[in-house]
Amino acid sequence: MSASRFLVLVCAGSFAITAVRAGESDGKTTTTTEEQTEEYKNWIELAIGGVITSGDRAQFEQEHRLPGDQVYGGIQDLHFEGTFDKNGVFSVDGHALWDFNDYDITVQLAKPNLGYIKAGYTEFRSWYDGNGGFFPHNDVFFSPTFPEMHIDRGEAWIELGLRVPDWPEITIRYTHEFRDGQKDSTIWGDTNLTGLPVNPTRKIVPAFRDIDETRDIFAFDALKTFGNTEVNLGMRCEHSTIDDSLNLERGAGQLPPVVPPPGAQRFITQRDINDLDLFSGHAITETRISDRLWFTAGYSYTTLSSDIGGSRVVGTHFDAEFGEPVPTLQPFDHGFINLAGISQVAEHIFNANVLWMPLKDLSVLTAFRYTHDDRESDSTFLATDAFINLPPFTPNNPEGGAHPTTPVPVAANASVDYNRFGQRLELRYTGIDNWLFYFEGDWEEEFGTRIEHQSAAEEVGFELLDLNEDNSLLAQKYVAGVNWYPMMRLNISAQYFHKIASYDNTIHSAIHQRMLNEDWNTDDLNFRITFRPKIPACLGTLALVTRYDFVHTSINSQWFVPESEPLNEVESGEIKQHVISEAVTWNPLARFFLQANVSYVLNQTDTPANNIDLVPNTSPTVVNFRNDYWTVTSGAGYIIDDKTDFYTDFSFYCANDHFKNAGVAVPYGLGATEYTASATITRQLTKQMRLLLRYGYFDYRDVTSGGHNNYQAHSLYSGLQVRF
């Protein structure tokens, strides 16, 4: 156990002598008997639980953020407060769970009319499933290098606040953040062991990333009121270090002599190194000219400089050094070494807002924002490639294999200069009884130039990159809505919005096909009805909430082709989405309630590529995409007596959109079903002590992964709560 984690456990555990508890708490005192009148300000919770899984344990951990097949527990929640020096306040809040890597502690000293000092440490874990893709044509599936992965995130911080009357409110904070571990990547490796006679290679081999990142942040803020104007000044300095890597396989499963050349397995490690410094300053003012007229304005300036480095090396194992013999190397195995570069970013943002209430029932909000973004970057690296082996052949120079060529220096640079303007208008009117009308309009314009250049290194597969284009964007969004309250038991809401986004590029020079123009048009209509019908008193109370959403998006695109006329504009996509949901809450008895929510989503994206068959394929490689799914959630609660509560819930999810297009493309679209259920009982043992027991059941079936992501799990959780 690290020193920081031990410190958290010691600090939190020092208060555990007085009481124990476990479960979920909102930190509020609950009166369970008439004779309980004392308010307990302090509490502690101890928890113990565990999960039994079968199937893909890593998938369960990723979905539900619980460790599988192990016992976990500790201090679930802690709050202790006391006074010092008459009116000073001392408090400790936190939790610490072993085998969960979930730690948090905050210690604070506060003195009225003086200020406070507080410090804390937080760490938590996120789990990841290392599985890659599944190829249904011949049930090909590659086990990941690391089936179960996780990343630990955390921060240690200290904050000082000065709160002296008539002085500016000053806040100073230092934070050290970190992110460390491994996670899966959606950039998969490839294999040709698919059994297909034509174009057998598919990218389904799992890949992973090594993550090692730290960030140090210093922030300062000062707040002071002058008459009817409040002024806030602040600054922020950051220093970040990043040393990450992407690890993937090429030609997986093709180890000679099982599979003869040219197919052969090799491992690629791409390291990304970044050392970054950021400085930001801001000034914000808020002026209350009158009760009906407010004006706010703000300006921020940010500079960011970074030094980049890294490499992409092909080897016989991950983290191989460049120059190690690679008998399985293949022609066109591109890579690079000795990457070095710098990047500079400068950003200016100005914002102004006016809130005006010309009438008692009418409010008008207007806003304006201007952003200037300037970026410059330069880099150099040595590009690497492989050339087919020539006789005489040896184990280190096999026939059909390749050998590395001499690295070639390459230089690249880019510059971006953008101006963005944003405006907003919002109107709200309540002058008609039981009606609320509102309108919102957002407009954004962007103009800029992008220039990119990379020197040619054709002998190692890096070609000349030359791009010079002017970009522009015009985005508009209009929202109109109404809320109507015709009676106490009924209210109706309706909303419509229309969104337009037009991207226009003027290409002065480019060597590849690029998007020239693209227009997105989105229409969204939704309404909601909340109804509380009057039913016989013997049936209790009933509430119904019905919602329907319809979204339609059309996409029109035009492409630039070098040394040719631009292609004609075509409708490149159409998206239709229907969302229907119903929520029911029924209280047949004062001690008993039922809740249920059912939602059905129909979502389809149509593309003209669905009508294109690429020779020699006999069906499209890109097809219309569906994302339809059901969700059902329900819960029931019953107060058994004044000291005992029972609650149970159930959820169901089903998507049947898996499209088996394996012959010509990777199958896509999710086909999955998930059930979860839980039962919880709480018992007030004494005025200060509460017991909680919970059982949970989880079942997940995934067609897309060929069942490799399936799991079942049973969880048990128990705890005791004591207030003092």
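*Asks:* I keep staring at empty space enclosed by the protein and nothing clicks. Help me out?
*Replies:* In this approach a probe as big as a water molecule rolls over the atoms, and the regions it shows empty are the leftover space. Evaluation of the coordinates by the stated rule reveals 1 cavity of 30 Å³ or more. Counted as a void, the largest cavity has a volume near 30 Å³. Every residue along the wall of the largest cavity is listed here: Gly130, Pro144, Thr145, Phe146, Met149, Pro206, Ala207 and Phe208. For the lining of the largest cavity, the element with the most residues is strand S10 (residues 202-226), which contributes 3 residues. Classifying every residue of the lining of the largest cavity by side-chain character gives 6 nonpolar, 2 polar and no charged.

*Asks:* Help me understand helix H2 (residues 57-64) in this model?
*Replies:* Because each turn of an α-helix spans 3.6 residues, side chains separated by three or four positions in sequence point in the same direction. Buried residues of H2: Ala58, Gln59, Phe60 and Glu61, and no others. Each element contacted by the buried residues of H2 is listed here: strand S1 (43-55), strand S5 (115-129), strand S8 (148-162), strand S30 (689-702) and strand S31 (711-723). One side-chain oxygen at the N-terminal end of H2 lies 3.3 Å from the backbone nitrogen of alanine 58; it belongs to aspartate 56. In the segment just after H2, arginine 65 is the residue with positive phi, at about 55°.

*Asks:* Honestly, the pairing of strand S29 (residues 671-684) in this entry has me stumped. Any pointers?
*Replies:* With 13 bridges connecting them, strand S28 (residues 644-656) and S29 associate as antiparallel partners. Its bridge partner lying in S29, asparagine 656 is registered against glycine 671. Bridge analysis of S29 against S30 gives 13 bridges, and the strand direction is antiparallel. Paired with tyrosine 675 across the two strands is aspartate 699, which belongs to S30. Here S29 folds back onto S30, and the loop between the two strands holds 4 residues.

*Asks:* Honestly, the environment of serine 290 in this entry has me stumped. Any pointers?
*Replies:* Structurally, serine 290 can be placed in strand S12 (residues 266-290). Residue serine 290 is classed as partly exposed on the basis of its relative accessible area, which comes to 34%. Sequence spacing of serine 290 and methionine 357 is 67 residues, and the spatial spacing of their C-alpha atoms is 9.9 Å.

*Asks:* What should I look at first to understand the confidence of the model for the chain in this one?
*Replies:* Should pLDDT be low for a region, the predicted coordinates there are not to be read in detail. Chain-level pLDDT for the chain is 90 on average; 92% of the residues reach the 70-or-more range. Every residue in residues 1-36 scores below 50 in pLDDT, and together they form 84 contacts with partners more than four places removed in sequence or on other chains.

*Asks:* In this structure, what is going on with the pairing of strand S19 (residues 435-454)? I would like to understand it.
*Replies:* When strand S18 (residues 408-429) meets S19, the two strands line up antiparallel, connected through 18 bridges. Bridging from a neighbouring strand, valine 416 pairs with arginine 450 of S19. When S19 meets strand S20 (residues 465-487), the two strands line up antiparallel, connected through 20 bridges. The partner of phenylalanine 439 across the bridge, within S20, is alanine 480.

*Asks:* What should I look at first to understand the environment of histidine 348 in this one?
*Replies:* Within the fold, histidine 348 resides in strand S14 (residues 335-359). Once the C-alpha coordinates of histidine 348 and threonine 371 are considered, the two residues, 23 residues apart in sequence, prove to be 5.6 Å apart. Apart from the residues lying within four places of it in its own chain, the contact partners of histidine 348 are Tyr299, Ser300, Tyr301, Tyr370, Thr371 and His372. Side chain to side chain, histidine 348 and tyrosine 299 meet in a polar contact 2.8 Å long.

*Asks:* Is there a simple way to explain unusual backbone geometry in this structure?
*Replies:* One can expect most non-glycine residues to show negative phi and most peptide bonds to be in trans. Here proline 391 and proline 392 are connected by a cis peptide whose omega angle stands at 0°. Look at aspartate 69: it is not a glycine, yet its phi comes out positive at around 55°. By the element assignment, aspartate 69 lies in the loop between H2 and strand S2 (70-84). Even without being a glycine, asparagine 199 presents a positive backbone phi close to 45°. Taking relative accessible area as the criterion, asparagine 199 reaches 45% and is therefore assigned partly exposed.

*Asks:* Would you mind showing me how to read a nonpolar patch on the surface here?
*Replies:* Together, Phe84, Leu109, Ile117, Ile158, Leu160, Ile172, Tyr174 and Phe218 make up a nonpolar patch on the protein surface, roughly 620 Å² of accessible area in all. When contributions to the nonpolar patch are tallied by element, the ones reaching two or more residues are S8 and strand S9 (169-191). A residue is classified by how much of its surface remains accessible, and leucine 109, at 38% relative accessible area, is partly exposed.

*Asks:* In this structure, what is going on with the pattern of salt bridges? I would like to understand it.
*Replies:* All told, the structure shown has 27 salt bridges when counted by the stated rule. Between aspartate 243 and arginine 271 there is a salt bridge; the shortest N-O distance is 2.7 Å. Taken together, the residues aspartate 243 in strand S11 (residues 229-250) and arginine 271 in strand S12 connect sequence positions 28 residues apart. Overall, the relative accessible area of 31% leaves arginine 271 in the partly exposed class. A salt bridge links aspartate 549 to arginine 547; the nearest nitrogen and oxygen atoms lie 2.8 Å apart. On the accessibility criterion, aspartate 549 (11% relative accessible area) is buried. A relative accessible area of 31% places arginine 547 in the partly exposed class. Because the salt bridges share partners, they merge into one network encompassing Glu177, Arg215, Arg236 and Glu238.

*Asks:* What's the story with the nonpolar core in this structure? I'm lost.
*Replies:* Ranked by size, the top nonpolar core spans 15 residues in total, and within it Phe60, Leu66 and Phe100 carry the most contacts. When residues of this core are traced back to their parent elements, those giving at least two are S1, S30 and S31. Among the nonpolar cores identified, the runner-up in size contains 9 residues, and Ala207, Leu246, Val314 and Val326 belong to it.

*Asks:* In this structure, what is going on with the side chain of threonine 644? I would like to understand it.
*Replies:* In this fold, threonine 644 is placed in strand S28. Among the polar contacts made by the side chain of threonine 644, one reaches the side chain of arginine 683 at a distance of 2.5 Å. Once residues within four sequence positions are removed from consideration, threonine 644 is found in contact with Tyr638, Ile639, Ile681, Thr682 and Arg683.

*Asks:* I'm lost on the packing of aromatic side chains in this one. Help?
*Replies:* Geometry of an aromatic ring pair is reported as the spacing of the ring centres plus the angle between the planes. Following the criterion strictly, the structure yields 21 aromatic pairs and no others. For the ring pair tryptophan 435 and tryptophan 484, a centre distance of 5.0 Å and an interplane angle of 15° mean the geometry is stacked. Placement of tryptophan 435 in strand S19 and of tryptophan 484 in strand S20 is noted, with a sequence separation of 49 residues between them. According to the relative accessible area criterion, tryptophan 435 is partly exposed, its value standing at 28%. Among the residues examined, tryptophan 484 registers a relative accessible area of 32% and is labelled partly exposed. Centroid distance tyrosine 629 to tyrosine 653: 5.8 Å. Interplanar angle 40°. Geometry classified as tilted. Of the two residues, tyrosine 629 sits in strand S27 (residues 629-641) while tyrosine 653 sits in strand S28, which places them 24 residues apart along the sequence. An aromatic cluster of at least three residues, connected via ring pairs, comprises Phe60, Phe698, Tyr700 and Tyr711. Its guanidinium or amino end placed over the ring of tryptophan 157, arginine 173 lies 4.3 Å from that ring's centre, counting from NZ or CZ. Lying across the ring of phenylalanine 497, lysine 477 places its NZ or CZ 4.9 Å from the centre.

*Asks:* Explanation requested: the environment of isoleucine 284 in the structure shown.
*Replies:* Within the secondary structure layout, isoleucine 284 lies in strand S12. Taking the relative accessible area as the measure of exposure, isoleucine 284 reaches 40% and is therefore partly exposed. Taking the C-alpha atoms as reference points, isoleucine 284 and glutamine 558, separated by 274 residues in sequence, lie 42 Å from one another. Leaving out residues up to four positions away in the same chain, isoleucine 284 has contacts with Glu230, Val231, Asn232, Ala297 and Gly298.

*Asks:* It is not clear to me how the side chain of threonine 371 should be interpreted in this structure. Could you clarify?
*Replies:* By the secondary structure assignment, threonine 371 is in strand S15 (residues 362-384). Ignoring sequence-local partners within four residues, the contact set of threonine 371 consists of Glu347, His348, Ile349, Tyr418, Asn419 and Arg420.

The rules behind each value
Residues numbered from 1 in each chain as written. Predicted model: local features only at pLDDT ≥ 70, side-chain atom pairs only at ≥ 80, totals over all residues. Heavy atoms only, no water. 1 Å grid on protein atoms, 1.4 Å probe; cavity = no way out; pocket = protein on both sides within 12 Å on 5 of 7 lines; lining within 4 Å. Points joined across faces, edges and corners; volume = space filled by probe spheres on them. Helix = DSSP H or I, 4+ residues; strand = E, 2+ residues; numbered from the N terminus. Nonpolar A, V, L, I, M, F, W, Y, C, P; charged D, E, K, R; others polar. Buried < 20%, exposed > 50% of the residue type's maximum accessible area, 1.4 Å probe, protein only. Contact = heavy atoms within 4.5 Å. Polar contact = N/O pair within 3.5 Å; in protein donor to acceptor, adjacent residues only side chain to side chain. Pairing = 2+ DSSP bridges. pLDDT = per-residue confidence, 0-100. Patch = residues over 30% accessible without salt bridge, like charges linked within 9 Å, V, L, I, M, F, W, Y side chains within 5 Å. Areas by Shrake-Rupley, 256 points an atom, 1.4 Å probe, with all protein chains shown as cover. Salt bridge = Lys/Arg side-chain N within 4 Å of Asp/Glu carboxyl O. Core = buried A, V, L, I, M, F, W, Y, C linked by side-chain atoms within 4.5 Å. Phe/Tyr/Trp six-rings, centres within 6.5 Å; stacked < 30°, edge-to-face > 60°. Lys NZ or Arg CZ within 6 Å of the ring centre and 35° of its normal.

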